[in-house]
Amino acid sequence: MNKALYVFDFDGVIADSLTLCLKACAHAARLEGRTIVLERDSWESLDNVTFEEMARVQGFTGEAVARFAAHVFAYTRQATPPAVFTGMREALSALAEQGDVMVLSANHSEMIRATLAAAGLADCVSQVLGGEIAGSKGAKLARLLAAPQVAVERSWMVGDAVSDIRAAHEAGCRAAAVSWGWQSPERLASMAPERVIAQPQALISLCDVPSSDSREAV
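So, here is what we can say about the structure in this document. (Residues numbered from 1 in each chain as written. Predicted model: local features only at pLDDT ≥ 70, side-chain atom pairs only at ≥ 80, totals over all residues. Heavy atoms only, no water.)

1. Overview of helix H6 (residues 137-145)
So, step 1. Buried within H6 are the following residues: Lys 137, Gly 138, Lys 140, Leu 141, Leu 144 and Leu 145. Looking down the long axis of H6, one finds its buried residues gathered within 165 degrees of arc, a one-sided arrangement.
So, step 2. Those residues of H6 that are buried lie in contact with strand E1 (4-8), strand E2 (99-104), strand E3 (127-129), strand E4 (156-159) and helix H7 (162-171). (Buried < 20%, exposed > 50% of the residue type's maximum accessible area, 1.4 Å probe, protein only. Helix = DSSP H or I, 4+ residues; strand = E, 2+ residues; numbered from the N terminus. Arc of directions from axis to C-beta. Contact = heavy atoms within 4.5 Å.)

Structure below.
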């Protein structure tokens, strides 16, 4: 029997890593000879929530963009793993019983795996694709969904950014937007996700939605 995929963004969805990533971006800028000031809502207006895009918004160009992202990766990989959101263990465990849970993120896979291990979540996640792997989120998601054992009509991309929702729809699966992440529910609603999830425990409901579900909040 084919399985559903539950593909999760990481930062702001599974892990409460906003403060860490803002510090990492400021550190990256300093290594490039710049001082930048970032607020908690600095990700709100980005169409692509990646460290490369943050670098461009901050005025970096050319090879400095890739160096900025590499500095961020080095910082987050060496940092203490951030906490995961309350209820995430129960939600991911339930979803893993119904299908395959994977992580698709702009952050580095080593940092992601360390955070999952520290939170006791490593056994819930079958695959991690980090930002060090070349390609857009949409292209990588499409490759995951193209596996012969995947039931695309029952699969979800779970994210906190408009780029996550766009990737889901371009790849042909449904999008669940979480309200506790890096971009506001109002911004996410502009991309018409099939689900808006208000709290981590409600992620379990993704197991139960038939392929003909209408858009609604949980």
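2. What to know about the packing of H6 against H7
So, step 1. Put simply, H6 and H7 touch, their axes get as near as 8 Å, and they point 45 degrees apart. As the angle between them shows, H6 and H7 are arranged oblique. Judged by the sense of rotation from one axis to the other, the crossing of H6 with H7 is right-handed. Contacts between H6 and H7 involve Lys 137, Gly 138, Leu 141, Ala 142 and Leu 145 on the former and, on the latter, Asp 164, Ala 167, Ala 168 and Ala 171.
So, step 2. Looking at the contact of H6 with H7 residue by residue, the class counts come to six nonpolar, one polar and two charged. (Axes fitted to C-alpha atoms, helices over the stretch in contact; angles between N-to-C directions. Parallel < 35°, antiparallel > 145°, perpendicular 65-115°, else oblique. Left-handed = near helix turned anticlockwise from the far one by under 90°. Nonpolar A, V, L, I, M, F, W, Y, C, P; charged D, E, K, R; others polar.)

3. Here we look at the packing of aromatic side chains
So, step 1. Under the definition given, this model contains five aromatic pairs.
So, step 2. Measuring from ring centre to ring centre gives 5.9 Å for Trp 43 and Phe 51, while their planes differ by 75 degrees; the resulting arrangement is edge-to-face.
So, step 3. Trp 43 gets classed as buried once you look at its relative accessible area, which sits at 0%.
So, step 4. Summarising the aromatic geometry, the rings of Phe 51 and Phe 73 are spaced 6.2 Å apart at their centres and angled 85 degrees between planes, so their arrangement reads as edge-to-face. Of this pair, Phe 51 sits in helix H2 (residues 51-57) while Phe 73 sits in helix H3 (residues 63-78), and the two are 22 residues apart along the sequence. As far as burial versus exposure is concerned, Phe 51 and Phe 73 are alike and both buried.
So, step 5. What links up through ring pairs into an aromatic cluster is the set Trp 43, Phe 51, Phe 73 and Trp 182.
So, step 6. The positively charged end of Arg 34 is found above the aromatic ring belonging to Phe 60, 4.6 Å away from the centroid. (Phe/Tyr/Trp six-rings, centres within 6.5 Å; stacked < 30°, edge-to-face > 60°. Lys NZ or Arg CZ within 6 Å of the ring centre and 35° of its normal.)

4. What to know about the environment of Cys 207
So, step 1. Take Cys 207: it is sitting in the loop between strand E6 (195-197) and strand E7 (216-217).
So, step 2. Given a relative accessible area of 23%, Cys 207 falls into the partly exposed group.
So, step 3. Sequence separation between Cys 207 and Tyr 6 is 201 residues, and the spatial gap between their C-alpha atoms is 9.2 Å.
So, step 4. Sequence-distant contacts of Cys 207, defined by excluding residues within four places in its chain, comprise Tyr 6, Ala 94, Leu 95 and Gln 98.

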